[in-house]
Amino acid sequence: MTWAVWIPLLLPLLAAPLARRLTEQLAPRAAALTLASTAVVLGTAALGSLGLLTVTGLLHLPYVGALAHFSPAHGLPDALSGTQWAPAAAAAALALLVIGALAARTAHHQLADLRRARRATGGAPTGLRDRLRRTGPAALTVLDDDRADAYALPGRPPRIVATTGMLAALSAPERAALLAHERAHLAGRHHLLLAAAEYAAACHPALRPLRGSLGYHLERWADECAAAEVGDRALIARAIGRAALAAARAPAAPRPRLAPAAAGGPVPRRVRALLAPGPPRHRRASRALAALALAGCLAGTAVTIAEAGHDLHRAVETAQGERPAQHR
């Protein structure tokens, strides 16, 4: 475990930029799922690595060794003994405490935002499971507010929230396009992907840039779904452009973090993608190479964290005076 335990903490520095580079060459849906799954895998592996380092440090404490029934004649192997693990274990334990605090704060803010939005739209607060589940068709809730805003509010039931200012800024076809975009967010359960990226970013600093990239690709995913439903890509581009201009002229109150909005993200880039004559062409060799490199990083992360856990397990067996099982 002297080397394997560190790999999951180092690979995100390479895998996160690779994931962002690869997703620029993928369709929006595939790009969003790739970013979310990459963030979850790397964040979980980082947590596991920190946990193994912390456990290794705890095993050096006499009280913990007694609870683990360590044999006085044995003890931990040389690779896990000595003062070299003390600073690393202390730093890992501190990092886990910080991650726990960040995750708790993120959960508190997310739930408070959803609760506040539910009350503002006339919905009674519900439990966590109900807030994140989508059941039934999405209803439209119109808020009497001259400021322009519209977003998809997850929950039970899911809702599309729009202000009178936003609806007044759009023509009837553009309003239909805007609603199709927000329905796509709810149908794809994009709030769950956003939540996963938020928690993964708390696990490792290198994963934070994935949140912005994921937000963009989720908006592009919803754009493409809306274009397929409406049948007019130019109309979708015009609707999100006008919605963004209206929202910029009269900014609305901050919306929930897990509520995607049509006017969010880099709107000019999204408009260009919608008005492009066809999907962008990329070199297959470049895309395949990036995909292989990212897959190698994720596989390496999984293998090394499993190897580190196996090494620790064998070390504990040795310290307990048991003879490690031989591989057949």
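Residues numbered from 1 in each chain as written. Predicted model: local features only at pLDDT ≥ 70, side-chain atom pairs only at ≥ 80, totals over all residues. Heavy atoms only, no water.

Asks: When you look at the sheet that holds strand β1 (residues 139–143) in this model, what are you seeing that I'm missing?
Replies: Working definition: the strands of a sheet are paired by backbone hydrogen bonds and lie parallel or antiparallel to each other. Pairing is mixed across the open sheet formed by three strands, whose spatial order is β1-β3-β2. If you trace the sheet from one side to the other, it starts and ends with β1 and β2 (150–153), each paired once. Here the average twist between neighbouring strands, direction ignored, is 25°. The sheet contact formed by β2 and strand β3 (residues 159–163) spans four bridges and is antiparallel. Its bridge partner lying in β3, Y151 is registered against V161. (Pairing = 2+ DSSP bridges. Helix = DSSP H or I, 4+ residues; strand = E, 2+ residues; numbered from the N terminus. Axes fitted to C-alpha atoms, helices over the stretch in contact; angles between N-to-C directions.)

Asks: Got a minute to help me understand the pattern of salt bridges in this structure?
Replies: Oppositely charged side chains can pair when the atoms bearing their charge come close. Per the counting criterion, the structure on display carries eleven salt bridges. A salt bridge links D223 to R270, with the nearest nitrogen and oxygen atoms 2.8 Å apart. Here D223 is found in helix α10 (residues 209–230), whereas its partner R270 is found in helix α12 (residues 267–275), with 47 residues between them in sequence. One connected set of salt bridges, linked through shared partners, spans E174, R238 and R242. (Salt bridge = Lys/Arg side-chain N within 4 Å of Asp/Glu carboxyl O.)

Asks: So what exactly am I meant to see when it comes to the pairing of β3 here?
Replies: Within a regular strand, side chains alternate between the sheet's two faces. Most of β3 sits inside the fold, with five of its five residues counted as buried. Bridge count for β1 against β3 is five bridges, and the pairing is parallel. Considered in β3, the bridge of T141 is made with V161. Hairpin connection from β2 to β3: five residues lie between these consecutive antiparallel strands, with G155 at a positive phi of about 150°. (Buried < 20%, exposed > 50% of the residue type's maximum accessible area, 1.4 Å probe, protein only.)

Asks: Teacher, can you tell me more about the packing of helix α3 (residues 28–58) against α10 here?
Replies: A pair of packed helices is captured by two measures, namely the crossing angle of their axes and the spacing between those axes. Contact geometry of α3 with α10 gives a least axis separation of 8 Å together with a crossing angle of 150°. Of the possible angle classes, the one that applies to α3 and α10 is roughly antiparallel. Judged by the sense of rotation from one axis to the other, the crossing of α3 with α10 is left-handed. In this structure, α3 contributes P28, R29, A31, A32, L33, L35, A36 and A39 to the contact, and α10 contributes L210, S213, L214, H217, L218, R220, W221 and E224. (Parallel < 35°, antiparallel > 145°, perpendicular 65-115°, else oblique. Left-handed = near helix turned anticlockwise from the far one by under 90°. Contact = heavy atoms within 4.5 Å.)

Interpretation note: all reported values are geometric properties and have no functional meaning in isolation.
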